[in-house]
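Analysis of the macromolecular model
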Amino acid sequence: MLSNIGIGLVFLVLILSFSIIYKAIFNLETSGQFIKKNIYTLSLFQTTFTILCFFTLIIGFINSDFSLINVYENSHTTKPIFYKIAGTWGNHEGSLLLWVNILVIFSYLFLVFNHTHNKKFRLYTLIFQNILILGFLFFLLLNSNPFNAIYPIPLEGLGLNPILQDPALAIHPPLLYVGFVGCSIYFSAALASLLSGYGGKLFAQSIKTWVKISWCFQTLGIIVGSIWAYYELGWGGFWFWDPVENASLLPWFAITALMHSLIVLEKRNTLYFWVIILCLLTFILSVTGTFLVRSGILNSVHTFASDPSRGIYILLFLSLMIFSSLVMFFKKYKKETYNFNLKSRETFILANNWFMAFFLITVLIGMLYPIFLDVLTNVKISVGPPFFNIVIIPLVVPFLFLMAVGPKFGWIKSQNKILHKILFLILSAVVINLFIFYFFGKYSFLSNLIFITAIFLILYLALDIKELINKKSKLELPRIISHLGFGMLVFFIGINYQFSLEEDFNLKVGGIKKIDNYEINFKNIKIKENKNYKAVIGKFKIINNKNNSVQYLDPEIRIYSNPDTLTYEAAIKTRITSDLYLTMSNVSRSEYYNIKFQNKPFMIWIWISAFMIALGGFVQLTLKKNEH
Amino acid sequence: MLTKKVKNRILFLVFVFFLSITAVFFIIKSLNKNILYFSSPTEIKQREDIPFGKPMRVGGMVKKGSITINEKNIQFIITDFENEILISYSGTVPNLFAEEKGAVAEGGLRDKNFFIAERILAKHDENYMPPEIKDIIEKNAK
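None of the values given here were measured: they were computed from a predicted structure.

**Here's the deal with helix H9 (residues 243-268) of chain A**
All names here are of chain A. With 26 residues, H9 should cover 38 Å at 1.5 Å per step; its first-to-last C-alpha distance of 38 Å lies within 8% of that length. Of the residues that open H9, the one with a side-chain oxygen 2.9 Å from the backbone nitrogen of Val 244 is Asp 242. Asn 269, located one to two residues past H9, shows a positive phi value of around 55°.

See the structure below:
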């Protein structure tokens with residue numbers, strides 16, 4: 001029943017997409033400045049039906065309608081309602097439907113909100129976006145249909161992987177999808193701009209809101225994923241340079257570069273072709289990431305039960321996308337002459353782009369090298385975190401410095417005399433760093449440099465905030481928040497990395513272990529029955545001999561029955577200055593439990609700083625509204 | 001005679017060229033230094049040139065009944081059904097670590113029969129098998 005409704009709706013959307021393309025092509029040739037009303041109507045219907053389609057699937061999950069294979073494979077009647085709903089996008093087919101939803105919604109919103117722009121440009125954008133929609137709809141129907149029925153109807157579902165039953169992971173995919181799939185709209189717009197010749201400043205204005213929205217959501221999505229990894233995977237780290245994390249970083253680098261050079265295009269009407277490249281690249285990288293993850297080529301946390309035919313389809317689609325964008329780009333490419341003064345803001349923005357390109361290439365090489373080597377020589381390797389750390393971290397030093405100084409330069413040519421200010425602030429940063437070095441511990445030369453530049457950036461932005469308050473202008477606020485967030489992020493990650501305490505050991509119930517100034521007492525274990533799992537809860541008393549404080553931590557081992565899996569839940573005591581982190585595991589019912597104990601300084605500040613980066617983007621979005 | 005503008009541009013290009021060369025060199029060099037090779041117990045037995053102590057990965061199935069735990073560490077045997085290797089590890093294990101399941105250990109070789117692991121890799125799907133291990137098992141099953 002639901003299966004038929006769902007498939008019917010998908011077909012409706014498919015037909016609507018075709019008719020939108022048809023009408024739009026027809027409308028291109030007619031004179032007049034306005035897009036025909038019926039295109040708006042069709043587009044509205046398309047959006048409504050796609051959303052309905054998604055709701056149909058959600059209803060299937062809520063009612064545990066196991067006549068759908070997708071629900072049967074990924075849900076279970078005993079699952080809490082929240083995770084039943086989240087299960088909708090927690091699997092390949094459902095997430096693809098969400099993907100299509102975002103493509104369609106963005107397509108409609110772009111059509112409606114950009115009514116001041118050139119008609120041809122908007123129509124072309126609509127056409128390209130609908131071609132993308134069609135591509136993914138066919139993929140959905142032919143290969144990954146979430147509405148496929150199963151007969152006879154099973155009585156019980158297989159359940160959702162317990163590790164995914166988590167609030168952070170329930171919102172992580174939708175956030176990332178808005179971020180990654182949202183890029184599609186300026187991919188289409190970039191192609192439309194090339195075809196219609198509607199470039200320059202006006203083009204920049206038409207896409208900038210969309211770039212910001214997708215940037216914000218990408219950033220948020222990555223942060224939420226990272227938080228999840230921190231408390232769920234039980235390593236106590238938050239970034240592992242896992243291939244999938246890398247896949248999410250690639251578009252983020254491209255989009256961050258895009259966001260910056262877009263300002264140059266808008267203000268100075270130059271760098272048009274570079275902006276186009278970035279627009280195309282961002283979405284291409286998003287799809288590449290999806291391809292690598294869904295095809296099972298990369299293996300990691302996210303490996304959906306993989307299926308090579310999926311990979312082949314996405315790969316075909318991806319090559320088609322890349323090929324057509326390359327053809328269109330080089331057909332329309334004209335040489336632009338740049339005349340940038342070294343001491344101008346545009347030069348610094350270009351510097352940002354270089355750094356982003358460097359980070360992007362590094363991560364890309366680290367990610368793809370093992371795949372190529374495996375295919376070519378059958379040697380199996382993996383590229384570990386040290387590679388990324390060694391290549392990327394040194395570059396962060398000049399990056400932070402330029403991030404502070406760059407925005408203070410004016411456009412075109414600037415006579416800004418800020419040398420003494422820079423010197424003064426560097427000196428202050430060195431002094432603060434010396435304090436940290438002297439009182440808290442020693443670290444390497446490179447770490448010193450990182451700390452100094454991070455503090456320099458923070459100080460510099462503090463002065464910017466003072467200036468902002470004096471001027472009473474909010475214009476610079478988003479930039480300051482985001483950059484400050486980044487400076488703090490680097491600083492706190494540095495502190496966290498340098499001063500973390502980590503110890504692995506095995507302990508019996510009742511045992512005591514001393515580490516530094518901590519004393520860990522394994523008091524007891526309790527067993528608790530929950531709705532969909534059984535929990536073994538350990539009670540640990542942590543005595544800090546330095547300040548005689550006592551903390552209790554209770555990590556869990558959860559035993560899920562549908563499907564049969566164990567998960568280890570970390571116990572985390574978050575405080576302003578540090579997190580106490582303890583995980584416990586048990587192998588083959590041994591009397592010894594394996595314990596990992598960590599004290600991680602300023603953990604919460606890492607999250608706060610990361611959220612500040614995203615917050616800057618959101619503030620900018622609200623500012624723009626107020627100005628109009 | 002070159003004008004100042006042209007001169008600047010040439011300087012700039014040379015600078016960029018130089019910079020990209022160093023960047024690429026730097027990336028490739030650290031890439032080669034930080035590769036982790038994956039080996040099966042059989043490969044470790046057979047290869048003459050295998051380095052001791054250098055970071056690498058070993059994978060296979062955890063042998064039934066081989067897990068022992070004491071105060072300091074966990075020891076278990078990884079097998080590819082031809083050869084086996086003893087792994088010693090201290091820390092929490094991933095949730096899917098169990099006897100007769102695939103596991104990948106990251107660490108260094110002490111000798112050809114003994115491996116000290118820094119990390120046991122977590123795989124988050126009960127049906128999932130690391131492709132490396134799958135290959136080995138398929139090969140030995142034949």
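**A short note on the packing of aromatic side chains**
Residue and element names in this part refer to chain A. By the definition in use, this model includes 54 aromatic pairs over all chains. Their ring planes at 90° and their centres at 5.2 Å tell us that Phe 329 and Phe 330 sit as a pair that is edge-to-face. Look at Phe 348 and Phe 409: their rings are 4.7 Å apart centre to centre, the planes differ by 20°, and that puts the pair in the stacked class. You can see Phe 348 sitting in helix H12 (residues 345-377) and its partner Phe 409 sitting in the loop between helix H13 (385-405) and helix H14 (419-440), a full 61 residues away along the chain. Taken as a pair, Phe 348 and Phe 409 share a single burial class, namely buried.

**Observations concerning the interface of chain B and chain A**
Contacts between the two partners involve 42 residues from chain B, matched on the other side by 44 residues from chain A. Across the chain B-chain A interface, the total number found is zero salt bridges. Applying the counting criterion to the chain B and chain A interface returns six residue pairs in polar contact (both at pLDDT 80 or more). Those elements that place two or more of their residues in the side of chain B that touches chain A are helix H1 (4-33), strand E1 (35-39) and helix H3 (131-141) of chain B. Per element, the largest residue contribution to the side of chain B that touches chain A is 10 residues, and it comes from H1 of chain B. Of the residues contributing to the side of chain B that touches chain A, the split by class is 20 nonpolar, 10 polar and 12 charged.

**Some details on the environment of Ile 105 of chain A**
Residues and elements named next belong to chain A. Residue position: Ile 105 is located in helix H5 (residues 92-113). The class for Ile 105 is partly exposed, based on a relative accessible area of 27%. Counting along the chain gives 25 residues from Ile 105 to Pro 80, while the straight-line C-alpha distance between them is 29 Å. If we skip the residues at most four places from it in the chain, Ile 105 touches Thr 47 and Ile 51.

**Quick word on the side chain of Thr 270 of chain A**
Residue and element names in this part refer to chain A. Relative to the helices and strands, Thr 270 is located in the loop between H9 and helix H10 (272-294). Under the relative-accessibility criterion, Thr 270 is labelled buried at 9%. Not counting residues within four places of it along the chain, the set of residues in contact with Thr 270 comprises Val 264, Leu 265, Glu 336, Tyr 338 and Phe 340.

**Re the nonpolar core**
By size, the foremost hydrophobic cluster in this structure holds 171 residues, and its most contacted members are Tyr 186, Phe 203 and Ile 207 of chain A. For this core, the element with the most residues is helix H7 (residues 167-196) of chain A, which contributes 15 residues. Two domains each donate at least three residues to this core, and these are domain 1 (1-161) and domain 2 (501-604) of chain A. Dropping the residues within four chain positions of it, Tyr 186 of chain A is found in contact with Ile 207, Trp 210, Val 211, Ser 214, Ile 255, Leu 258, Cys 279 and Thr 282 of chain A. Within the second largest apolar cluster, 43 residues are counted, among which are Val 587 and Tyr 592 of chain A together with Ile 44 and Ile 78 of chain B.

**Quick look at the sheet that holds strand E9 (residues 571-574) of chain A**
Residues and elements named next belong to chain A. Taken together, the four strands give an open sheet; going across it, the order is E2-E11-E10-E9, and neighbouring strands pair in antiparallel fashion. The sheet is open, and its two edges are formed by strand E2 (501-507) and E9, each paired on a single side. Sheet twist, expressed as the average angle between the axes of neighbouring strands with direction ignored, equals 10°. In this sheet, strand E11 (residues 593-601) lies alongside E2 in antiparallel orientation, the contact comprising seven bridges.

**A word on H13 of chain A**
All names here are of chain A. Helix length check: H13, at 21 residues, gives a terminal C-alpha distance of 30 Å against a target of 30 Å (1.5 Å per residue), a fit within 8%. Maximal helix bending in H13 amounts to about 30°, located at Val 396; proline Pro 398 follows within four positions. All buried positions along H13 are accounted for by Phe 387, Phe 388, Val 391, Ile 392, Val 396, Val 397, Phe 399, Leu 400, Met 403, Ala 404 and Val 405.

**Notes on the domain arrangement of chain A**
All names here are of chain A. With domains assigned, chain A is organised as domain 1 (1-161) and domain 2 (501-604). Placing the centre of domain 1 and that of domain 2 at their C-alpha centroids yields a distance of 44 Å. The partner domain 2 presents four residues to the seven residues of domain 1 that form the contact. Summing both sides of the interface, domain 1 and domain 2 together bury roughly 480 Å²; the carbon and sulfur share of this comes to 49%. Of the residues that constitute the side of domain 1 that touches domain 2, the class distribution is three nonpolar, three polar and one charged.

**Observations concerning the pattern of salt bridges**
Taken as a whole and judged by the stated rule, the model has 14 salt bridges over all chains. Note that Lys 596 of chain A and Asp 504 of chain A form a salt bridge whose closest N and O atoms lie 3.1 Å from each other. With a gap of 92 residues between them, Lys 596 of chain A in strand E11 and Asp 504 of chain A in strand E2 connect regions that are remote in the sequence. You can call Lys 596 of chain A buried: its relative accessible area is 8%. Residues Glu 84 of chain B and Lys 63 of chain B are paired through a salt bridge, measuring 3.2 Å at the closest nitrogen-oxygen approach. Highlighted residues: Glu 84 of chain B in strand E5 (residues 84-89) and Lys 63 of chain B in the loop between strand E2 (56-62) and strand E3 (68-69), separated in sequence by 21 residues. Among the residues examined, Lys 63 of chain B registers a relative accessible area of 33% and is labelled partly exposed. Put simply, Lys 408, Asp 464, Glu 467, Glu 476 and Arg 479 of chain A are held in one network by salt bridges that share partners.

Here is what the cut-offs are and how they apply
Residues numbered from 1 in each chain as written. Chains lettered and ligands numbered in written order. Predicted model: local features only at pLDDT ≥ 70, side-chain atom pairs only at ≥ 80, totals over all residues. Heavy atoms only, no water. Helix = DSSP H or I, 4+ residues; strand = E, 2+ residues; numbered from the N terminus. Expected span 1.5 Å × (residues − 1). Polar contact = N/O pair within 3.5 Å; in protein donor to acceptor, adjacent residues only side chain to side chain. Phe/Tyr/Trp six-rings, centres within 6.5 Å; stacked < 30°, edge-to-face > 60°. Buried < 20%, exposed > 50% of the residue type's maximum accessible area, 1.4 Å probe, protein only. Contact = heavy atoms within 4.5 Å. Salt bridge = Lys/Arg side-chain N within 4 Å of Asp/Glu carboxyl O. Nonpolar A, V, L, I, M, F, W, Y, C, P; charged D, E, K, R; others polar. Core = buried A, V, L, I, M, F, W, Y, C linked by side-chain atoms within 4.5 Å. Domains from an automatic or database assignment. Pairing = 2+ DSSP bridges. Axes fitted to C-alpha atoms, helices over the stretch in contact; angles between N-to-C directions. Bend = angle between axes of the 7 residues up to and from the residue. Buried area = accessible area lost by both parts, 1.4 Å probe.

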